Amino acid sequence: MNKHIDRRRISAGLALTTVAVSALLVLTGCSKVPDTIKIGVAQPLSGPLGALGQDLLNGVNLAVAELNKGGYTVDGKRVTLEVVSVDDKADAATGKTVAQQLVDAGVVAVIGHLNSGVSIETAPIYAAKDIAQIAISTNPKFTQLGFPTTFRMVANDTLQARAIGSFAATQLGAARYAALDDGTPYGKGLADGAAEQLKAEKKEVVVRKSFDDKTVAFDELAGELKAAKVEVIVSTLNDFQALALLEALRKVDHTKVSLLGGDTIKTTDMTKAMGMVEGVYATSPVLEAKEFTTGKPFLEKYIEAYKKPPAYGGHYSYDSTYVLSAAIQKAKSADPKAITKAMHSINGYAPVIGTMTWDDKGEQRYGAVGVYELRSGSWELRMRSDRW
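About the criteria used
- Residues numbered from 1 in each chain as written.
- Predicted model: local features only at pLDDT ≥ 70, side-chain atom pairs only at ≥ 80, totals over all residues.
- Heavy atoms only, no water.
- Pairing = 2+ DSSP bridges.
- Helix = DSSP H or I, 4+ residues; strand = E, 2+ residues; numbered from the N terminus.
- Axes fitted to C-alpha atoms, helices over the stretch in contact; angles between N-to-C directions.
- Contact = heavy atoms within 4.5 Å.
- Core = buried A, V, L, I, M, F, W, Y, C linked by side-chain atoms within 4.5 Å.
- Buried < 20%, exposed > 50% of the residue type's maximum accessible area, 1.4 Å probe, protein only.
- Lys, Arg positive; Asp, Glu negative; His and termini not counted.
- Salt bridge = Lys/Arg side-chain N within 4 Å of Asp/Glu carboxyl O.
- Polar contact = N/O pair within 3.5 Å; in protein donor to acceptor, adjacent residues only side chain to side chain.
- Parallel < 35°, antiparallel > 145°, perpendicular 65-115°, else oblique.
- Left-handed = near helix turned anticlockwise from the far one by under 90°.
- Nonpolar A, V, L, I, M, F, W, Y, C, P; charged D, E, K, R; others polar.
- Right-handed = clockwise from strand over helix to strand, strands pointing away.

(A) Structural context of the sheet that holds strand β15 (residues 369-375). Reading across from one edge, β9-β8-β10-β11-β12-β15-β16 is the order of the 7 strands in this open sheet, with mixed pairing throughout. In this open sheet, the two edge strands, each paired with only one partner strand, are β9 (204-210) and β16 (378-385). Taking each pair of neighbouring strands and ignoring which way they run, the sheet shows an average axis angle of 20°. Looking at chain direction, β15 and β16 are connected through 7 bridges and run antiparallel. Within β16, the position partnered with Y372 by the bridge is L381. Across the sheet, helix α5 (residues 157-171) lies against β8 (176-181), β10 (232-235), β11 (258-261), β12 (279-284), β15 and β16, angled at about 100° from β16, the strand it touches most.

Here it is as structure tokens:
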């Protein structure tokens, strides 16, 4: 009798457990979506490029705060987005280390990196886990690696090189050009492309030099540029290097030249170059927030949050986060592979720039490049186009 009673109790207990589990599954809707979804951010947060990397992180943080406050949901479930940030120090080796840290932390996508060399080296790490990598890096090789996980926020260097060469050839009216680079994948690739475009425009590149990204001793180069009667210098040197070069040109009295650079000289420090040569210009695929009709509300929110204006591309990382959040919703999942697939098919609403949509390689379909001129201590837009 006792054994019979014990069996009944066990059976009853199992039945109650089954009912309780079933009820719990009904209450949770069998959802596989976690309560928290982690988004990785990998940028240089220290060193010479720290301000730019922090700006990109700020953009992500601002977007995530707004999405969480607005009651972000995935497949009908309220979800909290969490930012996991790491400092890649603008160094490829460090970048690979922190990329693995983000993978181990369980992020579903990564906003990173700033530097092309870092993005290219880290791409295989993210791709191995199907994690979408949304980078502001501009070297074309990044999206030519063959990974479905590479996405670019802005136009690439192929378009920027055409913009540099075309503007220098048609707007600066010179016959003799120099092309200089800082030896990085970004700098060398962009300068090579610009030189090719100049040649296509029937312009002569009489000096072509590469340096490392720390060189500031340019007295010998200044003498060479003067001897070659260079009228326009196309440069992908950093701002502090460009300033050192202009100072060297002044010492040899060769200042009737124009300098046209990439976005590494489109900085506030470069305003020191006013009056040193005939003209200073910069190209950039990172258009300023104020250039967009919806940029003003973003700038107001950004300044309120961080007590300063954006330093670089915070509006692009902000927009990328919104588009990523829409892809997660479209995927109805926190599975990185499903999110990556959704990213390729989405025409994402980007609050500042309007829209973000990618081709099958992860290139922006409507990325544009602007040309800016240094005037009265600030950078003023001369022209911009997505078809140079």
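(B) Spatial organisation of the sheet that holds strand β7 (residues 150-152). Spatially, 5 strands are ordered β4-β1-β5-β6-β7 in an open sheet, and the strand pairing comes out parallel. Every other strand in the sheet has two partners, leaving β4 (80-87) and β7 as the edge strands with one partner each. Across this sheet, the average inter-strand angle for adjacent strands is 25°, counted without regard to direction. The pairing of strand β1 (residues 36-43) with strand β5 (residues 109-111) spans 3 bridges and is classified as parallel. The partner of V41 across the bridge, within β5, is I111.

(C) Up close: the nonpolar core. Core analysis: the biggest nonpolar cluster contains 83 residues, and M270 and Y316 have the highest contact counts within it. Sequence-distant contacts of Y316, defined by excluding residues within four places in its chain, comprise I136, M153, V154, P285, V286, L287, F292, I353 and M356.

(D) Structural view of the side chain of D157. Assignment of secondary structure puts D157 in helix α5. No salt bridge is formed by the buried D157, whose closest oppositely charged neighbour, R152, lies at an N-O distance of 6.6 Å. Polar contacts involving the side chain of D157 include one to the main-chain amide nitrogen of N139, which spans 3.5 Å.

(E) Inspection of the packing of helix α10 (residues 314-331) against helix α11 (residues 336-345) at higher detail. Relative orientation of the contacting elements α10 and α11 amounts to 115°, with a least axis distance of 8 Å. One element, α10, and the other, α11, form an angle in the roughly perpendicular class. For the pair α10 and α11, the crossing hand works out as right-handed. The segment α10 lies against α11, with L324, A327, I328, K330 and A331 engaging A338, I339, A342, M343 and S345. A breakdown of the residues in the contact of α10 with α11 according to their chemical character gives 8 nonpolar, 1 polar and 1 charged.

(F) View of the pattern of salt bridges. Evaluated as defined, the whole model comprises 19 salt bridges. A salt bridge links E204 to R176, with the nearest nitrogen and oxygen atoms 3.8 Å apart. Here R176 lies in strand β8 and E204 lies in strand β9, a separation of 28 residues in the sequence. Accessibility expressed as a relative area gives 45% for E204, which makes it partly exposed. With a shortest N-O distance of 3.3 Å, D213 and K214 are connected by a salt bridge. Note on K214: relative accessible area 63%, which makes it exposed. Taken together, the shared-partner salt bridges in this structure form one network comprising D181, K188, D192 and R208.

(G) Here's a closer look at unusual backbone geometry. The peptide bond linking G112 to H113 adopts the cis configuration, its omega dihedral lying at 15°. Its place among the elements puts H113 in the loop between β5 and α4 (116-127). One non-glycine residue with positive phi stands out, namely A90, at about 55°. Mapping A90 onto the fold places it in the loop between β4 and α3 (92-105). Phi is positive for K202, close to 65°, though the residue is something other than glycine. Along the chain, the position of K202 falls in the loop between α6 (185-200) and β9. K202 gets classed as exposed once you look at its relative accessible area, which sits at 74%.

(H) Spotlight on the pairing of β9. Where β8 lies against β9, 6 bridges are found, and the strand directions are parallel. Among the inter-strand pairings, A179 is bridged to a residue of β9, identified as R208. Regarding topology, α6 serves as the crossover connection from β8 to the parallel β9, and that connection is right-handed.

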